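Examination of the molecular architecture
The residues making up each chain are set out below.
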Amino acid sequence: MALQSSGVAFRKILSHFPEELSLGFAYGSGVYRQAGPSSNQKNVMLDFVFTVDDPVAWHSKNLKKNWSHYSFLKVLGPKFISTVQNNYGAGVYYNPLIMCDGRLIKYGVISTSNLIEDLLNWNNLYIAGRLQKPVKIVALNENVTLRSALDKNLKSAVTTAFLMLPESFSEEDLFIEIAGLSYSGDFRMAIGEDKTKVLNIVKPNVAHFRELYGNILQENPQVVYQIHQGRLEGFQQS
């Protein structure tokens, strides 16, 4: 079930940031309701990712608009921030716990080239994994390479999930496998993290997963997608 955060609200938040985004999206429980202990949270934090062609130029403009968003690294300038972004962790620089337009948000910045690399090769599956689940796209330019990589990421997720499923399975089984891909190597799922997290993401949002993957499944030659029954049948290998 989608929360009642309208596109207008997202665009108002986006207006506080430099416009040069190749892709911007909101994700997580602040956008799509999840089951479990946190399902009734009110005013839950909104999570955003901003993809930019030139991180140095973008951070330079954002520092002028939103100096207070940054940690002490801001005094070292946009080049240093971009170096930290590109060379550590998953290639994403996050500014957390920001009040923006009356909402608590956090936002990560990643370069377009690093995102494309992750979408195509699953270098770390950090942002690529988030984009295998329903997200709210708030900005997308005409970068053909990026759009192709976004599509390839979804198709790769489907193909990988097929390998872990029996010959006949429900679409919910498939979506659970897909949603779990980015958590499969995450030690937090073994110690302390809610082990039902994947189920809590998928079960209230099957319709959104179906919207994301429906066309890919209908066109996939490996299965017959029985949409009205919500089931998929694989072809036996001779």
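Preceding this paragraph is the structure being described.
Basis of the calculations
Along each chain, numbering runs from 1 in the same order as the chain's sequence is written. Where totals are concerned, whole chains, interfaces and linings use all residues; where local detail is concerned, this predicted model gives features only for residues with pLDDT of at least 70, and gives and counts side-chain atom pairs only at 80 or more. Water and hydrogen atoms play no part in the side-chain values, which are based on all heavy atoms of the structure. Only runs of H or I of at least four residues qualify as helices and only runs of E of at least two qualify as strands under DSSP, and these elements are numbered from the N terminus. Only protein chains enter the accessibility calculation, which uses a 1.4 Å probe; a residue is then buried when its area is under 20% of its type maximum, exposed when over 50%, and partly exposed in between. The criterion used for residue contact is that any of the two residues' heavy atoms lie within 4.5 Å. Using the Shrake-Rupley algorithm and a 1.4 Å probe, accessible areas are obtained, with residue cover drawn only from the displayed protein chains. The definitions used throughout rest on a 1 Å grid laid over the protein atoms alone, on which a cavity is an enclosed set of points accommodating a 1.4 Å probe that cannot get out and a pocket is an open set flanked by protein within 12 Å on both sides along at least five of seven lines; lining residues are those having an atom within 4 Å of a point. Grid points are joined across faces, edges and corners, and a volume is the space filled by probe spheres set on the points. Here the axes come from fitting lines to C-alpha atoms, over the contacting stretch only for helices, and the angles between their N-to-C directions go from 0 to 180 degrees. Angles are sorted into four bins: roughly parallel if under 35 degrees, roughly antiparallel if over 145, roughly perpendicular if 65 to 115, and oblique for all others. Any residue outside Ala, Val, Leu, Ile, Met, Phe, Trp, Tyr, Cys, Pro, Asp, Glu, Lys and Arg is labelled polar, Gly included; the first ten of those are nonpolar and the last four are charged. Strands qualify as paired when DSSP identifies two bridges or more between them. Take the far helix as your reference; a near helix turned counterclockwise from it by less than a right angle gives a left-handed crossing, and one turned clockwise gives a right-handed crossing.

Concerning the overall build of the protein chain
Helix and strand counts for the protein chain come out as 9 helices and 8 strands. Across the 238 residues that make up the protein chain, the buried fraction comes to 46%. Of the contacts made within the protein chain by residues no fewer than 6 positions apart, 64% connect residues no fewer than 24 positions apart. Taken as a whole, the protein chain presents about 12,500 Å² of accessible surface, with 53% of it coming from carbon and sulfur.

So, the layout of surface pockets
In this structure, the second largest pocket spans a volume of roughly 410 Å³. Along its surface, the second largest pocket is lined by 14 residues, and Leu131, Val135, Ile137, Leu154 and Leu212 are the ones closest to its centre. Among the secondary structure elements, those contributing two or more residues to the lining of the second largest pocket are β5 (136-140), α6 (144-162) and α9 (206-219). The element best represented in the lining of the second largest pocket is α6, accounting for 4 residues.

Things to note about the packing of helix α7 (residues 171-180) against α9
Axis separation between α7 and α9 bottoms out at 11 Å; the angle between their running directions is 95°. When the axis of α7 is compared with that of α9, the two are roughly perpendicular. Between α7 and α9, the residues in contact are Glu171, Glu172, Leu174, Phe175, Ile178 and Ala179 and Val206, Phe209, Arg210, Tyr213 and Leu217, respectively. Its residues assigned to classes, the contact of α7 with α9 comprises 8 nonpolar, no polar and 3 charged.

Things to note about the pairing of strand β3 (residues 92-100)
Alignment of β3 against strand β4 (residues 103-111), held across 7 bridges, turns out to be antiparallel. Within β4, the residue paired with Cys100 across the bridge is Arg103. Hairpin connection between β3 and β4: a loop of 2 residues separates the two successive antiparallel strands, and Asp101 in this loop has a positive phi of roughly 55°.

Looking at the packing of α6 against α7
Direction vectors running N to C along α6 and α7 enclose 110°, while the axes themselves pass 9 Å from each other. Taken together, the axis directions place α6 and α7 in an arrangement best described as roughly perpendicular. Pair α6 / α7 crosses with right-handed handedness. Where α6 abuts α7, its residues Ala157, Val158, Ala161 and Phe162 lie against Leu174, Glu177 and Ile178. Across the contact of α6 with α7, the residue classes break down as 6 nonpolar, no polar and 1 charged.

Section: the sheet that holds strand β6 (residues 168-170)
Across the sheet, 3 strands lie side by side as β6-β8-β7; this open sheet has antiparallel pairing. The sheet is open, and its two borders are formed by β6 and β7 (223-226), each paired with just one other strand. Taken pair by pair, the neighbouring strands of this sheet meet at an average axis angle of 20°, ignoring direction. In this structure, β7 lies alongside strand β8 (residues 231-234), joined through 4 bridges in antiparallel fashion. Residue pairing for β8: Tyr225 is matched across the bridge by Leu232. In the packing of α9 onto the sheet, the strands contacted are β7 and β8, and the crossing angle to β7 comes to about 135°.

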